[in-house]
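Architecture and fold: a report
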Amino acid sequence: MRVASKSATLIEVAKLAGVSTATVNRVLKQQGYISEEAREKVLAAVAATNYRPNVVARNLRTQRSQTIGLMLTAITVNPFFVGVAHAVEAAAIAAGYRVVIFNHGGSDSYERHGVETFIAQRVDAVLFCTAANPANVELLAGAGIPAIEIERSLTETARFVRVNNYVGARAAIDHLVGLGHRRIAFVGGDPALYPQDAARRRSVEEDRLAAYRDGMAAHGLDMQADYVRLGQYYDLASDGSGAEGRAHAEVLLALPTPPTAIFATCDILAVGVLQALYKAGKRVPHDLSVVGFDDTLAPYLAPQLTTVAQPIAELGRQGFEMARAAIDKRDMQGEVVLDAGLVIRQSTGPAPG
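These numbers come from a predicted model, not from an experiment.

Comments concerning the overall build of the protein chain
- Scanning the protein chain from terminus to terminus reveals 12 helices and 12 strands.
- Of all 353 residues assigned to the protein chain, the portion counted as buried reaches 48%.
- The long-range share in the protein chain, meaning contacts at least 24 apart out of those at least 6 apart in sequence, stands at 69%.
- Only carbon and sulfur atoms are counted for the fraction: they give 52% of the accessible area of the protein chain, which is about 16100 Å².
- Looking at the protein chain, you have 35 positive and 36 negative side-chain charges, and the mean spots of the two groups are 8 Å apart.

Overview of the nonpolar core
- Grouped together as the largest cluster of nonpolar side chains are 73 residues, with contacts concentrated most on L127, I184, Y212, F263 and V290.
- In contact with Y212, not counting residues within four places along its chain, are I173, I184, A185, F186, M223, Y227 and V228.
- By size, the runner-up hydrophobic cluster in this structure holds 15 residues, among which are V126, L140, A147 and L154.

Looking at unusual backbone geometry
- Of note, the amide linkage connecting V284 to P285 takes the cis form, showing an omega dihedral of 10°.
- Residues A302 and P303 are joined by a peptide bond in cis, for which omega reads -5°.
- Tracing the chain through its elements places P303 in the loop between strand 9 (289-294) and strand 10 (306-309).
- In this structure, D295 is a non-glycine residue whose phi angle is positive, near 65°.

What to know about the pairing of strand 6 (residues 184-189)
- With six of six residues buried, strand 6 is to be regarded as a mostly interior element.
- Here four bridges tie strand 6 to strand 8 (residues 261-264), and the two strands are oriented parallel to one another. Across the sheet, residue F186 finds its bridge partner in strand 8, namely F263.
- Relative to strand 7 (residues 228-231), strand 6 runs parallel, the two sharing four bridges. Within strand 7, the residue paired with F186 across the bridge is V228.
- With helix 9 (residues 204-218) bridging strand 6 and the parallel strand 7, this β-α-β connection has right-handed handedness.

Quick word on helix 11 (residues 267-279)
- For helix 11, which comprises 13 residues, the first-to-last C-alpha distance of 18 Å matches the rise-based estimate of 18 Å (1.5 Å per residue) to within 8%.
- Every buried residue of helix 11 is listed here: D267, I268, L269, A270, V271, G272, V273, L274, A276 and L277.
- In this structure, the buried side of helix 11 is in contact with helix 5 (79-94), strand 6, helix 10 (243-253), strand 8, strand 9 and strand 10.
- Taken from the residues just after helix 11, G281 is the one with a positive phi, measuring 75°.

About the criteria used
Residues numbered from 1 in each chain as written. Predicted model: local features only at pLDDT ≥ 70, side-chain atom pairs only at ≥ 80, totals over all residues. Heavy atoms only, no water. Helix = DSSP H or I, 4+ residues; strand = E, 2+ residues; numbered from the N terminus. Buried < 20%, exposed > 50% of the residue type's maximum accessible area, 1.4 Å probe, protein only. Contact = heavy atoms within 4.5 Å. Areas by Shrake-Rupley, 256 points an atom, 1.4 Å probe, with all protein chains shown as cover. Lys, Arg positive; Asp, Glu negative; His and termini not counted. Charge placed at Lys NZ, Arg CZ, Asp CG, Glu CD. Core = buried A, V, L, I, M, F, W, Y, C linked by side-chain atoms within 4.5 Å. Pairing = 2+ DSSP bridges. Right-handed = clockwise from strand over helix to strand, strands pointing away. Expected span 1.5 Å × (residues − 1).

Below is the structure:
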């Protein structure tokens with residue numbers, strides 16, 4: 001194929017590929033069925049002609065900016081948000097969109113400023129992971145901009161994609177009991193500090209704590225109050241130092257009868273737990289087993305951390321697909337629930353003795 005000396009038109013691409021302009025459009029927009037042969041011909045013709053869609057003209061026709069707003073809590077503190085952002089961006093780029101990211105850092109007013117900025121930029125939709133204030137999410141409705149909530153949902157109106165935290169947490173308890181552990185501690189987020197999902201009236205923290213309680217009861221084990229340590233996952237000002245996990249682990253180790261296993265419901269909490277165990281001269285998993293949650297930092301720790309893996313990439317991808325469906329005014333379920341699964345590594349082993 002020849003290479004064009006100037007910007008080609010859609011008609012020229014179609015002629016060179018030997019297909020219709022409609023087929024070229026479907027390939028570029030990734031919509032509808034296209035045979036692999038036709039797809040390869042179109043992509044080859046696009047490459048040969050240096051074809052570039054006239055985005056400005058398209059946006060004027062559709063009244064769209066081809067831009068998605070992504071509101072995050074704090075991308076520099078928790079790798080979970082990094083993973084979601086990367087997945088959203090990858091899906092958006094593949095569909096011809098760009099992404100503008102804003103971090104609210106837990107501030108309602110800063111989040112509102114970000115939302116107002118998105119509205120001024122005429123973004124086509126906004127994804128929240130996670131929202132600080134439901135009023136800021138609902139602000140978009142007045143501007144006619146779809147909102148999607150990821151992981152947590154503060155409103156009943158926005159579409160929502162979340163993880164089944166109960167199943168993942170229950171798998172962690174079953175794993176530890178299967179290794180012979182009977183004294184299992186729980187280190188996690190305090191339900192009193194974190195909001196419930198608006199529609200289901202239940203929080204991520206309640207799901208994880210209920211899984212621990214039910215798992216212990218199912219195996220005939222008592223849930224000892226001294227073994228349950230609740231608080232915040234991390235301080236946004238501390239850049240995820242693990243201080244909360246360290247403090248909880250130090251208290252647990254000082255008990256007359258310490259646990260033989262700790263289930264920390266965030267990898268950042270688990271980092272702090274491991275730090276405290278190392279300082280106390282405890283060997284993991286020989287002296288004490290540790291399980292985390294998220295699978296963000298887990299592969300990079302020593303020993304590598306057994307953890308409940310959240311489907312972070314799928315959260316981001318599904319969130320973008322929900323946004324795209326809302327932009328196109330296509331039918332889509334209001335809530336998508338993804339499964340979490342246990343990844344077993346070197347931080348868990350048989351109970352001592």
